[in-house]
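Take a look at the letters that make up each chain.
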Amino acid sequence: MTVLTALVVVNVVVSLFGFRAMRDGAGGGTEKFLFVPAQVARGENGLGMLLAHFSHGGVMHLAFNMLALYSFGEAVLRVLGPERFLLIYVVAGLGSDLVVFALRKDDPTYRCLGASGSVFGIMTAAVVLDPTTSIMMFFVPIPIPGPVFLLGYGVISVILIARQRRDGISHEGHLGGALLGLAVTALLAPRGLEPLMQWFTRHP
């Protein structure tokens, strides 16, 4: 079993337990699958902070994240190998938590879950390693150059975070995962950020 397959299996198994907890009702059973920064700031629900990396809000949320992980993860695995791939995945997840915690620890209503922070880290790594990578979204069915997508999404995320937008998406988590994914990949990639910088030079 490859590290990529193992991560998908863990995400699916934890999410299935989370779906069952959500179906059975609210309360502590549900929140142990959620990252609640205000609780963590009080020294509570550390398990939720961990499990939230693998639990998802629904089948579509899970499927979208796992599809993205597989789509971009194979290229990262091929270039960097399983150990460095896993390092990027984990550090991006931690970066996601750090940004969410820093910005939302005083908001008792804020909750998030999902592997999106780590997935954004892997997506960013794929683009750094090969800037010709394109990204497609369901609501924009045309290929978007990876560097353009990452830069645009980063700017939009900062604006939405500054405006305190609450639209069911953890823009803080996505941004944190992408930034840490970028930083770690810059250190691990054979040519660092050189290919990405060259791409921007050729596409002013």
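Residues numbered from 1 in each chain as written. Predicted model: local features only at pLDDT ≥ 70, side-chain atom pairs only at ≥ 80, totals over all residues. Heavy atoms only, no water.

## Looking at the packing of helix α1 (residues 3–24) against helix α5 (residues 59–104)
Filter applied, for reference: Interaxial angles span 0 to 180 degrees and are taken between N-to-C directions of axes, which are lines fitted to C-alpha atoms, for helices over the stretch in contact. In DSSP terms, a helix is any run of H or I states spanning at least four residues, a strand is any run of E spanning at least two, and both are numbered starting from the N terminus. Crossing handedness is defined as follows: a turn of the near helix away from the far one that is anticlockwise and smaller than a right angle gives a left-handed crossing, while the clockwise case is right-handed. Whether two residues touch is decided by their heavy atoms; if any such pair falls within 4.5 Å, the residues are in contact. Any residue that is not Ala, Val, Leu, Ile, Met, Phe, Trp, Tyr, Cys, Pro, Asp, Glu, Lys or Arg is counted as polar, Gly included; the first ten are nonpolar and the last four charged.
Closest axis-to-axis distance for the α1/α5 pair is 8 Å, and the angle between their directions is 150 degrees. α1 and α5 meet at a crossing whose hand is right-handed. Packed against α1, whose contacting residues are V3, L4, T5, L7, V8, N11, V12, S15 and F19, the element α5 presents V59, L62, M66, L69, Y70, G73, E74, L77, P82, F85, L86 and Y89 at the interface. Its residues assigned to classes, the contact of α1 with α5 comprises 16 nonpolar, four polar and one charged.

## Details of the environment of L113
Among the structural elements, L113 can be located in the loop between α5 and α6 (116–129). Distance in space between the C-alpha atoms of L113 and G168 is 10 Å, their sequence separation being 55 residues. Once residues lying within four places of it in the same chain are set aside, the contact partners of L113 are M22, F33, L34, A52, S55, H56, G57 and H61.

## Comments concerning unusual backbone geometry
Negative phi characterises most residues that are not glycine, and trans characterises most peptide bonds. Notably, N45 is not glycine yet its phi reads approximately 55 degrees, a positive angle. Looking at the secondary structure, you find N45 in the loop between α3 (37–41) and α4 (46–51).

## Points about the nonpolar core
What counts is decided by this rule: Side-chain atoms within 4.5 Å link the members of a nonpolar core, which is a set of buried Ala, Val, Leu, Ile, Met, Phe, Trp, Tyr and Cys residues. Buried means the residue's accessible area, taken with a 1.4 Å probe over protein chains only, is under 20% of the maximum for its type, while exposed means over 50%, and partly exposed covers the values in between.
Counting residues in hydrophobic clusters, the biggest one holds 42 residues, and the most contacted among them are L69, V76, F85, I88, Y89, I122 and F149. Those elements giving two or more residues to this core turn out to be α1, α5, α6, β1 (134–137), α7 (146–162) and α8 (171–188). With 11 residues, the single largest contributor to this core is α5. Beyond its immediate sequence surroundings of up to four residues, L69 is in contact with L4, L7, V8, E74, F85, Y89, V119 and I122. With six residues, the next largest nonpolar core counts F35, A52, Y110 and C112 among its residues.

## Points about the pattern of salt bridges
Once the charged atoms of two side chains with opposite charge are near each other, the side chains can pair. The condition that has to hold: By convention in these notes, a salt bridge is any Lys or Arg side-chain nitrogen within 4 Å of a carboxyl oxygen on Asp or Glu.
Summed over the entire model, instances satisfying the criterion amount to five salt bridges. E31 is the partner of R111 in a salt bridge, and the nearest nitrogen-oxygen pair spans 2.6 Å. Here R111 is found in the loop between α5 and α6, whereas its partner E31 is found in helix α2 (residues 28–31), with 80 residues between them in sequence. Note on R111: relative accessible area 34%, which makes it partly exposed. One salt bridge connects E44 with R42, and the closest N-O pair in it is separated by 3.0 Å. Relative accessible area serves as the criterion here: at 37%, E44 is assigned to the partly exposed category. Exposure remark for R42: the relative accessible area of 53% places this residue in the exposed category. Here the residues in one salt-bridge network are R104, D107 and E172, joined through shared partners.

## Remarks on the packing of α6 against α8
To be explicit about the condition: With respect to orientation, any angle under 35 degrees is reported as roughly parallel, any angle over 145 as roughly antiparallel, any angle of 65 to 115 as roughly perpendicular, and every other angle as oblique.
At a minimum axis separation of 7 Å, α6 and α8 run at an interaxial angle of 40 degrees. As judged from the angle between their axes, α6 and α8 are oblique. Considering the relative orientation of α6 and α8, their crossing is right-handed. The segment α6 lies against α8, with S116, G117, F120, G121, T124, A125, V128 and L129 engaging G173, H174, G177, A178, G181, L182 and T185. Looking at the contact of α6 with α8 residue by residue, the classes come out as six nonpolar, nine polar and no charged.

## Considering α6
Note the cut-off: An expected span of 1.5 Å times one less than the residue number is assigned to each helix.
For α6, with 14 residues, the first-to-last C-alpha span of 20 Å sits near the 20 Å given by 1.5 Å per residue. Of all 14 residues making up α6, 14 are buried, and the element is well covered by its neighbours.

## Focus: the confidence of the model for the chain
The criterion, for reference: Known as pLDDT, the predictor's confidence for each residue is given on a scale from 0 to 100.
Mean pLDDT over the chain stands at 91; residues scoring 70 or higher make up 95%. At the level of individual helices and strands, the chain shows its lowest average pLDDT in α2, which scores 71, and its highest in α6, which scores 96.

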